[in-house]
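Structure at a glance
Now for the letters of each chain:
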Amino acid sequence: MNIYDLKGQVAVITGGAQGIGLAVAERMAASGARVVLWDQDGAMAEASAAKLGQGAIGMQLDVTDAAACSALAERVVAECGRIDILVASAGVAGVNAHVAEYSVEEWHRVIAINLHGVFHCCRAVLPQMIAQKYGRIVNIASIAGKEGNPTAGAYSASKAGVIGLTKSIGKETAGMDIAVNCVTPAAAKTRIFDQITQAHIDFMLSKIPRGRFLEVAEAASMITWLCTKENSFTTGAVFDLSGGRATY
């Protein structure tokens, strides 16, 4: 395992209590960062932070609440002195249904968490990064945002939105030492599988040329490097984690 230098940096990770978010937190803590986990499940965030040690903090946050995101960012700066890194990993799969039959309420719920939530968190941390003239943001999109998955219209649309948002922020901050990128993972075996049908799981696996699902440690490796000072030129970019599935 490569060791990255994140000593003295503060990393905020949304959805950090489990799954890809927790894998990233583990990798960053091992690289010397002080990790702050934002998660809707506050108790799980605190428990995961306790296991990480090294000054890690768990905080409860509903990413759909813009004011709460801003307030929590201010709290992190007050307690930790700065925010160097944001990894926006919080997300939901949503129900599987054709668009013609998709619940309007479920559509809005998925978009609110997966897209509005990323916007709220980026908006909350960017003023601090701009003030300190340094920052790294990685937003977790999905191969579904590039390819579109049948019976996952809300999820696919939300992740396509994350890609567009990332490119916009990357261009807005390109004149600073702030790198804003996103990754497009194929499916990984996390608790998000509990939200989707077995038929959809089988469909996703059938589309991956590698013939297996993504390991969360593989995602954490790429994401962590994108958050290092070594990633000093690339911004507004989309990094593939699809096991060969992406066609563009």
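Reference entry: report on the structure contained in this document.

Rules used throughout
- Residues numbered from 1 in each chain as written.
- Predicted model: local features only at pLDDT ≥ 70, side-chain atom pairs only at ≥ 80, totals over all residues.
- Heavy atoms only, no water.
- Axes fitted to C-alpha atoms, helices over the stretch in contact; angles between N-to-C directions.
- Helix = DSSP H or I, 4+ residues; strand = E, 2+ residues; numbered from the N terminus.
- Left-handed = near helix turned anticlockwise from the far one by under 90°.
- Contact = heavy atoms within 4.5 Å.
- Nonpolar A, V, L, I, M, F, W, Y, C, P; charged D, E, K, R; others polar.
- Buried < 20%, exposed > 50% of the residue type's maximum accessible area, 1.4 Å probe, protein only.
- Pairing = 2+ DSSP bridges.
- Salt bridge = Lys/Arg side-chain N within 4 Å of Asp/Glu carboxyl O.
- Right-handed = clockwise from strand over helix to strand, strands pointing away.
- Polar contact = N/O pair within 3.5 Å; in protein donor to acceptor, adjacent residues only side chain to side chain.
- Parallel < 35°, antiparallel > 145°, perpendicular 65-115°, else oblique.

**What to know about the packing of helix 3 (residues 66-80) against helix 4 (residues 104-132)**
For the pair helix 3 and helix 4, the least separation of the axes is 8 Å and the interaxial angle reads 35°. As for the relative orientation of helix 3 and helix 4, their crossing is right-handed in sense. Along the contact surface, helix 3 presents Ala66, Cys69, Ser70, Ala73 and Val77, while helix 4 presents His120, Cys121, Arg123, Ala124, Val125 and Gln128. When its residues are assigned to classes, the contact of helix 3 with helix 4 shows seven nonpolar, three polar and one charged.

**Here's the deal with unusual backbone geometry**
Leaving glycine out, the prevailing phi sign among residues is negative, and the prevailing peptide bond configuration is trans. The phi dihedral of Lys133 falls on the positive side, at around 60°, and the residue is not glycine. With respect to the helices, strands and loops of the structure, Lys133 is situated in the loop between helix 4 and strand 5 (135-140). Exposure remark for Lys133: the relative accessible area of 64% places this residue in the exposed category. A positive phi is found at Thr151, a non-glycine position, where the angle reads about 65°. The topology assignment puts Thr151 in the loop between helix 5 (143-147) and helix 6 (153-172).

**Topic: the sheet that holds strand 1 (residues 10-14)**
The strand order across the open sheet formed by seven strands is 3-2-1-4-5-6-7, and the pairing between neighbours is parallel. In the strand order of this sheet, the two ends are held by strand 3 (57-60) and strand 7 (238-241), each with one partner. Across this sheet, the average inter-strand angle for adjacent strands is 20°, counted without regard to direction. Direction of pairing for strand 2 (residues 34-39) relative to strand 3: parallel, over a ladder of four bridges. Within the sheet, the bridge partner assigned to Leu37 lies in strand 3 and is Gly58. Strands in contact with helix 8 (residues 216-226) are strand 4 (85-88), strand 5, strand 6 (178-185) and strand 7; relative to strand 7, the strand with the most contacts, it is inclined by about 160°.

**Considerations on the pattern of salt bridges**
Considering all chains together, one arrives at six salt bridges under this definition. The partner of Glu79 in a salt bridge is Arg75, with the nearest N and O atoms 2.9 Å apart. Taken as a pair, Glu79 and Arg75 lie in helix 3 at a separation of four residues, close to a single helical turn. A relative accessible area of 42% places Glu79 in the partly exposed class. Overall, the relative accessible area of 38% leaves Arg75 in the partly exposed class. Its salt-bridge partner being Asp177, residue Arg136 comes within 3.2 Å of it at the nearest N-O pair. Highlighted residues: Arg136 in strand 5 and Asp177 in the loop between helix 6 and strand 6, separated in sequence by 41 residues.

**A closer look at the pairing of strand 5**
Two faces make up the sheet, and in a regular strand the side chains alternate between them. Of all the six residues making up strand 5, six are buried; the element is thus mostly covered by neighbouring parts of the structure. Side chains of strand 5 alternate between two faces, with Gly135, Ile137 and Asn139 and Arg136, Val138 and Ile140 buried alike. Pairing of strand 4 with strand 5, which is carried by four bridges, proceeds in the parallel orientation. Its bridge partner being in strand 5, Leu86 is matched across the sheet by Ile137. Taking the sense of rotation as the criterion, the β-α-β connection linking strand 4, helix 4 and strand 5 turns out right-handed. Note that strand 5 and strand 6 share six bridges and pair parallel. Residue pairing in the sheet places Asn139 in a bridge with Cys182 of strand 6.

**With respect to the side chain of Asp39**
Relative to the elements of secondary structure, Asp39 occurs in strand 2. Here the side chain of Asp39 touches Ala17 through a polar contact of 3.2 Å, landing on its backbone nitrogen. Leave out the neighbours within four places in its chain, and Asp39 touches Gly15, Gly16, Ala17, Ala45, Met59, Gln60 and Leu61.

**With respect to the packing of helix 1 (residues 19-30) against helix 8**
Closest axis-to-axis distance for the helix 1/helix 8 pair is 8 Å, and the angle between their directions is 55°. Taken together, the axes of helix 1 and helix 8 are oblique relative to one another. Between helix 1 and helix 8 lies a crossing of right-handed hand. Contact residues: helix 1 offers Gly19, Ile20, Ala23, Val24, Arg27 and Met28, while helix 8 offers Val216, Ala217, Ala219, Ala220, Ser221, Ile223 and Thr224. Across the contact of helix 1 with helix 8, the residue classes tally to nine nonpolar, three polar and one charged.

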